[in-house]
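Each chain, letter by letter, is given below.
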Amino acid sequence: MRSGEEGAGASRLRGHELSATDVTVAYDGSDVVHGAAVELRPGEVTVLVGPNGSGKSTLLRAVARLQRARGAALRIDGDTDGLALTAREFSRCVALLTQGRPTPGGLTVRDVVEFGRYPYRGRWGRPDPHGPEAVDRALALTGVTDLADRAADHLSGGQLQRVWLASCLAQETGVLLLDEPTNHLDLRYQIELLDLVRDLADVHGIAVGVVLHDLDQAAAVADRITLLEAGRIVTDGRPEDVLTAERLTAVYGIRIEVDTDPLTDRLRTRAIGRHHIRPERLGTTS
């Protein structure tokens, strides 16, 4: 994956602002997200973090209109009612990479990436003149151009994850939502994917919203971090303001220390378990 690679032609990507307020989602009659608010701005990466079951993915899916919300207001660029748009209109503004996408059978990688062009094609095969260029660019951005003619069901999990991301990029939206995109990727591709996320914000001005479990990855890539607990937003702001030892320890229920990595000058977190501190450092003998 070569972050920032353009592919053929000039990019047609243009960032949008997406704001969601009063988002409440219920399962089986019980609220699991309570009056949450998220603001995604062009050229910024916002990361949602929190323990398992905190509502991160549910909130992201509600913002993407894939999860029905009991109450919500959704605005695009401040004045467009995102809930009033048709599915096709909305999908030209917002793309979502979900967890656990299926392994497509009988299709090439290029076929899968072309799925991202569905908002631009009519029911009767209306021409999509920008489609081939958009697909080539998405393949290049995600580093899978050399896989374009391979069968998608012969790929590794990490390769397939990049192909599905390419499909989202081919959608050419101004808002990109990613639900734990580093899952199933080895260390190299995790880092390169996060570099690509930064390029999409910095170079193309895209508004990016990401759910991540890894707090260090969140600190490295985010302009803003939203911390959730039990379906409620605890706080939202710059990484250095959100990722404090006191707050993380309280939310995650385990001692978490926070310092600054001397190499990257980024925040670094460490969860401290019972066996992580040597006895001699505690003043005891083994």
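Caption draft 1: Local environment of the overall build of the chain. When helices and strands are tallied, the chain shows 9 helices and 12 strands. Radius of gyration (C-alpha) of the chain: 20 Å, near the 19 Å computed for a compact globule of 286 residues. The principal-axis extent of the C-alpha atoms belonging to the chain is close to 75 × 40 × 35 Å. Per-residue burial over the chain gives 48% buried out of 286 residues. When contacts within the chain are restricted to residue pairs at least 6 apart in sequence, long-range pairs at least 24 apart make up 67% of them. Only carbon and sulfur atoms are counted for the fraction: they give 48% of the accessible area of the chain, which is about 14,000 Å².

Caption draft 2: Representation of the pattern of salt bridges within the structure. Counted according to the given criterion, the structure contains 17 salt bridges. The residue Arg 117 makes a salt bridge to Asp 128 at a minimum N-O spacing of 2.9 Å. One end of the pair, Arg 117, is in the loop between α3 (109–114) and α4 (131–141); the other, Asp 128, is in the loop between α3 and α4, with 11 residues separating them in the sequence. The exposure classification of Arg 117 matches that of Asp 128, with both residues buried. Each of Arg 117, Asp 128, Glu 133, Arg 137 and Glu 172 takes part in a single network of salt bridges with overlapping partners.

Caption draft 3: Up close: the packing of α4 against helix α5 (residues 157–170). Axis separation between α4 and α5 bottoms out at 8 Å; the angle between their running directions is 140°. Here α4 is positioned oblique relative to α5, judged by the angle of their axes. When you trace α4 past α5, the crossing you get is right-handed. In this structure, α4 uses Ala 134, Val 135, Ala 138, Leu 139 and Leu 141 to contact α5, whose residues at the interface are Ala 166, Leu 169 and Ala 170.

Caption draft 4: Molecular detail of the sheet that holds strand β8 (residues 207–211). Reading across the sheet, the 6 strands line up as β6-β7-β8-β3-β9-β10 and stay open at both edges, with mixed pairing between neighbours. Among the strands making up the open sheet, the edge pair consists of β6 (94–97) and β10 (232–237). Along the sheet, successive strands turn relative to each other by an average axial angle of 15°, direction set aside. Pairing geometry for strand β3 (residues 45–49) and strand β9 (residues 224–229), over 4 bridges, is parallel. Looking at the pairing, Val 49 lines up with Leu 227 of β9. Contacts between α5 and the sheet are confined to β6 and β7 (175–179), with β6 contributing the most and set at about 175° to the helix. In this fold helix α9 (residues 245–252) packs onto β3, β9 and β10, with an angle of close to 35° to the strand it touches most, β9.

Conventions used here
- Residues numbered from 1 in each chain as written.
- Predicted model: local features only at pLDDT ≥ 70, side-chain atom pairs only at ≥ 80, totals over all residues.
- Heavy atoms only, no water.
- Helix = DSSP H or I, 4+ residues; strand = E, 2+ residues; numbered from the N terminus.
- Rg over C-alpha atoms; globule rule 2.2 N^0.38 Å.
- Buried < 20%, exposed > 50% of the residue type's maximum accessible area, 1.4 Å probe, protein only.
- Contact = heavy atoms within 4.5 Å.
- Areas by Shrake-Rupley, 256 points an atom, 1.4 Å probe, with all protein chains shown as cover.
- Salt bridge = Lys/Arg side-chain N within 4 Å of Asp/Glu carboxyl O.
- Axes fitted to C-alpha atoms, helices over the stretch in contact; angles between N-to-C directions.
- Parallel < 35°, antiparallel > 145°, perpendicular 65-115°, else oblique.
- Left-handed = near helix turned anticlockwise from the far one by under 90°.
- Pairing = 2+ DSSP bridges.

By themselves, these are just geometric observations and shouldn't be taken as functional.
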